[in-house]
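Results of the structural survey
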Amino acid sequence: MPPIRPELLDELLKDYQKPEDLLGKDGLLQQLTKALVERALSGELTHHLGYEKHDSSGDNSGNSRNGTTPKTLRGKRGQVQLDVPRDRDSSFEPLLVKKGQTRFDGLDEKIISLYARGMTQREIQGHLEEIYGVEISPSLISTVTDAVLDEVRAWQSRPLDSVYPILYLDALQVKVKSQGRVTNKAIYLAFGVNLQGMKEVLGMWAADNEGAKFWMQVVTELKNRGVSDIFIACVDGLKGFPEAIEAVYPQTQVQLCMVHMVRHSLSYVSHKDRKAVATDLKEIYQAATLDEAERQLGKFEETWAASYPVIEKSWRTNWAQVVPMFSYPSEIRRAVYTTNTIESLNMTLRKVSKNRALFPNDEAVFKLLYLALRNISKRWTMPIPNWSGAMNQFAILFDGRVPMGGLNQNSLTQTA
């Protein structure tokens, strides 16, 4: 389009005195938007009918103008009251402002963005009204965000890679209203690391109670979506999971997740001791050998058992499930027990869900968590540190199970 002539701008701004005259609720931009949109719609109707307004060539043409319909159009610049032209036989389909459209392009994306960051409907309402002068209802917010559900379903059923060297399972506790009752539900997330060392959430599932039947459904779904092998599954002592994964992936090694062990342990520790206890726990699970780990566990008991007997008991009870990690080379252990990503994921999801004391249904939970995961995954642009070394050790330890080209693809990723 040609540039706007300065003379025209001067004419428009001749009465300008303060910012509100330009940007206010009834300012020049609002008036100009209304005038331009209505003029464009009038032009669309003229093109549709094939004759100008008041042109005699339209007589007895079979269709004609039929007044206007008032419409409020909301957007990031506020809301505009429009008079949309219509034709007598209702065959006119506007392009600029479609039938049924009540929002300018961009507002839906803004609502979804705010929702994904954990804002409640009331907070989104207040934010949009304060910043943009737009009044929207809770039902509109629900309508806009519900449009994401098809995307959630497609994501949950998408094909997956054939091999994941590492799989983590983590859970988020939420309250959901079901059949008039409020129930505590665990939302389980399967978090994988692929052959290139890239992080990926494979899916999420809601469960009232975990058990072998539930976990069989989860691992079977992963199998049906293309996952043929998992080398190491890190879990938090999930009831029924070892049996389920052994049935579907008999070669997978199930390892008690150190992230969950440490998280559970630190939940009993006072703030002043937290750093010291975390450091001493690291001496246990980062020990070079099993003998050294057992020595460090004994040392931990001498230091902390009197203050935190629950931690010592937990590690002793679960020690048999901790032991397998000491058979892994250091490169694999560092890859498996990198806690930052899992802790960051868990913290972000809890942050976006904490404002909602109660979800109306499972779909509302999935909708919010999916949008949050979509934002989080944008930051996962690099492989896990030192992944090449880990992949070489995986190829030795899990001989014959790394697909052809797996190491080559990883090397390309590392050098990109």
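Our subject is the structure that appears above.
Before going into details, it helps to say that this report is about the structure given with it. Quick caveat, the model's predicted, so the values are computed rather than measured.

Side note on the pattern of salt bridges
This model, assessed by the stated rule, comprises 11 salt bridges. Ionic pairing is found between Arg-158 and Glu-200, a salt bridge with its closest N-O pair at 3.1 Å. You can see Arg-158 sitting in the loop between helix 7 (149-156) and strand 3 (163-178) and its partner Glu-200 sitting in strand 5 (residues 199-207), a full 42 residues away along the chain. Given a relative accessible area of 18%, Arg-158 falls into the buried group. Among the residues examined, Glu-200 registers a relative accessible area of 19% and is labelled buried.

Remarks on the pairing of strand 7 (residues 253-256)
As paired elements, strand 6 (residues 229-235) and strand 7 share 4 bridges and run parallel to each other. Residue Val-235 lies in a different strand from strand 7, and its bridge partner there is Leu-256. Handedness of the crossover joining strand 6 and strand 7 through helix 9 (residues 241-248) is recorded here as right-handed.

Regarding the environment of Ala-40
Looking at the element boundaries, Ala-40 is found in helix 3 (residues 28-49). Residue Ala-40 is classed as partly exposed on the basis of its relative accessible area of 32%. Taking the C-alpha atoms as reference, Ala-40 lies 9.6 Å from Pro-94; in sequence the two are 54 residues apart.

Section: the environment of Ala-357
On the secondary structure map, Ala-357 appears in the loop between helix 16 (340-353) and helix 17 (362-377). Take Ala-357: its relative accessible area is 62%, and that puts it in the exposed class. Between the C-alpha atom of Ala-357 and that of Val-174, which follows or precedes it by 183 residues, the distance is 8.0 Å.

Some remarks on the nonpolar core
Core analysis: the largest hydrophobic core is formed by 83 residues, its most contacted members being Trp-315 and Phe-394. At 10 residues, helix 17 tops the list of elements feeding residues into this core. When sequence neighbours within four positions are dropped, the list of residues in contact with Trp-315 reads Met-258, Met-261, Ser-265, Leu-281, Ile-284, Tyr-285, Leu-297 and Val-322. The next biggest cluster of nonpolar side chains, apart from the first, holds 25 residues, and it includes Trp-215, Ile-230, Ala-233 and Ile-245.

Comments concerning the sheet that holds strand 7
Here 5 strands make up an open sheet; going across it, the order is 5-4-3-6-7 and the pairing mixed. With partners counted over all chains shown, the strands left at the sheet margins are strand 5 and strand 7, one partner each. Averaged over neighbouring strand pairs, the angle between their axes works out to 25 degrees when direction is ignored. Taken strand by strand, helix 8 (residues 212-224) contacts strand 3, strand 4 (181-193) and strand 5, and its axis lies near 145 degrees from that of strand 5. In the packing of helix 18 (residues 387-397) onto the sheet, contacts are made with strand 3, strand 4 and strand 6, and the angle to strand 3 comes to roughly 110 degrees.

Looking at the packing of helix 10 (residues 258-266) against helix 11 (residues 271-285)
Relative to each other, helix 10 and helix 11 sit at 150 degrees, their axes nearing to 11 Å. Crossing hand, helix 10 versus helix 11: right-handed. Of helix 11, the residues touching helix 10 (which contributes Met-258, Val-262, Ser-265 and Leu-266) are Arg-274, Val-277, Ala-278, Leu-281 and Tyr-285. Counted by class, the contact of helix 10 with helix 11 contains 7 nonpolar, 1 polar and 1 charged residues.

Thresholds applied
- Residues numbered from 1 in each chain as written.
- Predicted model: local features only at pLDDT ≥ 70, side-chain atom pairs only at ≥ 80, totals over all residues.
- Heavy atoms only, no water.
- Salt bridge = Lys/Arg side-chain N within 4 Å of Asp/Glu carboxyl O.
- Helix = DSSP H or I, 4+ residues; strand = E, 2+ residues; numbered from the N terminus.
- Buried < 20%, exposed > 50% of the residue type's maximum accessible area, 1.4 Å probe, protein only.
- Pairing = 2+ DSSP bridges.
- Right-handed = clockwise from strand over helix to strand, strands pointing away.
- Core = buried A, V, L, I, M, F, W, Y, C linked by side-chain atoms within 4.5 Å.
- Contact = heavy atoms within 4.5 Å.
- Axes fitted to C-alpha atoms, helices over the stretch in contact; angles between N-to-C directions.
- Left-handed = near helix turned anticlockwise from the far one by under 90°.
- Nonpolar A, V, L, I, M, F, W, Y, C, P; charged D, E, K, R; others polar.

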